[in-house]
Amino acid sequence: MKKTLLLLLLSLNLCAFVAAKKPVPKITVAPVSFLNAGAEDGWIPIFVQAQLTSDIQNYSDFTVIDRMAADAITGEQKRAEQKAYLDNTKADFEYASLVNADYVVVTNLVKKGNSYSFTCTAHDVKKATVIGKSHSAASVSENALRNGSAIHLASYEILRGLGIKEKKLATLKQSGAESQTSEVESNYYTAKGIVQEEKNDGNFIAVLNYYKKAIEACNRNTEASSRLKSYGEWLYGSNLGSTAQADIQKRKRWQAIWQTVRQYNLENWSYTVYNPADLKTLSIDYNRGTADYILPVKYK
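Residues numbered from 1 in each chain as written. Predicted model: local features only at pLDDT ≥ 70, side-chain atom pairs only at ≥ 80, totals over all residues. Heavy atoms only, no water.

Trainee: What should I look at first to understand the packing of helix H9 (residues 181-199) against helix H10 (residues 204-217) in this one?
Mentor: Put simply, H9 and H10 touch, their axes get as near as 8 Å, and they point 165° apart. It follows that H9 is roughly antiparallel to H10 by the angle criterion. Between H9 and H10 the crossing geometry is left-handed. Where H9 approaches H10, its residues Ser182, Glu185, Ser186, Tyr189, Thr190, Lys192, Gly193, Ile194, Gln196 and Glu197 are matched on the opposing element by Ala206, Val207, Tyr210, Tyr211, Lys213, Ala214, Ile215 and Ala217. (Axes fitted to C-alpha atoms, helices over the stretch in contact; angles between N-to-C directions. Helix = DSSP H or I, 4+ residues; strand = E, 2+ residues; numbered from the N terminus. Parallel < 35°, antiparallel > 145°, perpendicular 65-115°, else oblique. Left-handed = near helix turned anticlockwise from the far one by under 90°. Contact = heavy atoms within 4.5 Å.)

Trainee: Whenever I open this one, unusual backbone geometry confuses me. Can you help?
Mentor: Most of the time, phi is negative for any residue but glycine, and the peptide bond is trans. Residue Asn36 is not a glycine yet carries a positive backbone phi of 65°. When you line up the elements, Asn36 lands in the loop between strand S2 (33-35) and helix H2 (43-59). Positive phi outside glycine occurs at Asn200, with the angle close to 50°.

Trainee: Would you mind going over the packing of H2 against helix H7 (residues 149-161) with me for this structure?
Mentor: Two numbers describe a pair of packed helices, the interaxial angle and the distance between the axes. Between H2 and H7, the least distance of the axes is 10 Å, while the angle of their chain directions is 50°. Taken as axis vectors, H2 and H7 run oblique relative to one another. Read as a crossing pair, H2 and H7 show a hand that is right-handed. Contact residues: Phe47, Val48, Gln51, Leu52, Asp55, Ile56 and Tyr59 in H2; Ile151, His152, Ala154, Ser155 and Leu159 in H7. For the contact of H2 with H7, the residue count by class is 8 nonpolar, 3 polar and 1 charged. (Nonpolar A, V, L, I, M, F, W, Y, C, P; charged D, E, K, R; others polar.)

Here's what the structure looks like:
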């Protein structure tokens, strides 16, 4: 009887312990806000977001919601469509709430000539308050971003403010640690691949090559692997020759129409604007050699 009672008490204590155990907090790195960026700087915010995410995954016990998981939750929106987040003061909290994160890391970059100001802060999403101490650097070189050292330093300060013990952060504190080199390189090539893919300029080889280099640098890079797989499947399922020829002919014909409309607008001061970039395909009759398109009409 005593033995049974003891086992029952142990069982109840164990249940109480399990019930009292707090769930692991979820954290995400919001899309990086980047001001004064040039056309050649497109890779930088993507890379910074990825490297901050990698550092948090490597040096904390948080459940990390990375970019791929966040995109899946938000309906796989393109970064361009997510820009609305970056255009209002509640942007990062809206993003974090959408992906159901407890904490969000907010990053702001401003290009100043040949250097960048870099600010990184962790927030409690529900309370909308800063956690720990913000990391801020008035002048960071592109090389310090590219080799990951500036990002490692920011990650160290952020994680320390989130309560991660100094012992666990020892390696991270050594900016540009050897153990991180391959991962930094991989995140860099992934960012370059994403930018090249979004250009949609027909340079398929460049996209594939960037993702290939990312995986070769670090085969644990699941984002690069996933993007390479999906991009490869898209290429395999596309009739590139026919698609390219049709696109060339379509653009030539619509360019002529656009010039006519443009001249009309100039002569008649019309407020109607036709944008060939918004041309949408409805249906194609391959037997008759005809196609139906929609060209949206917009007004100033």
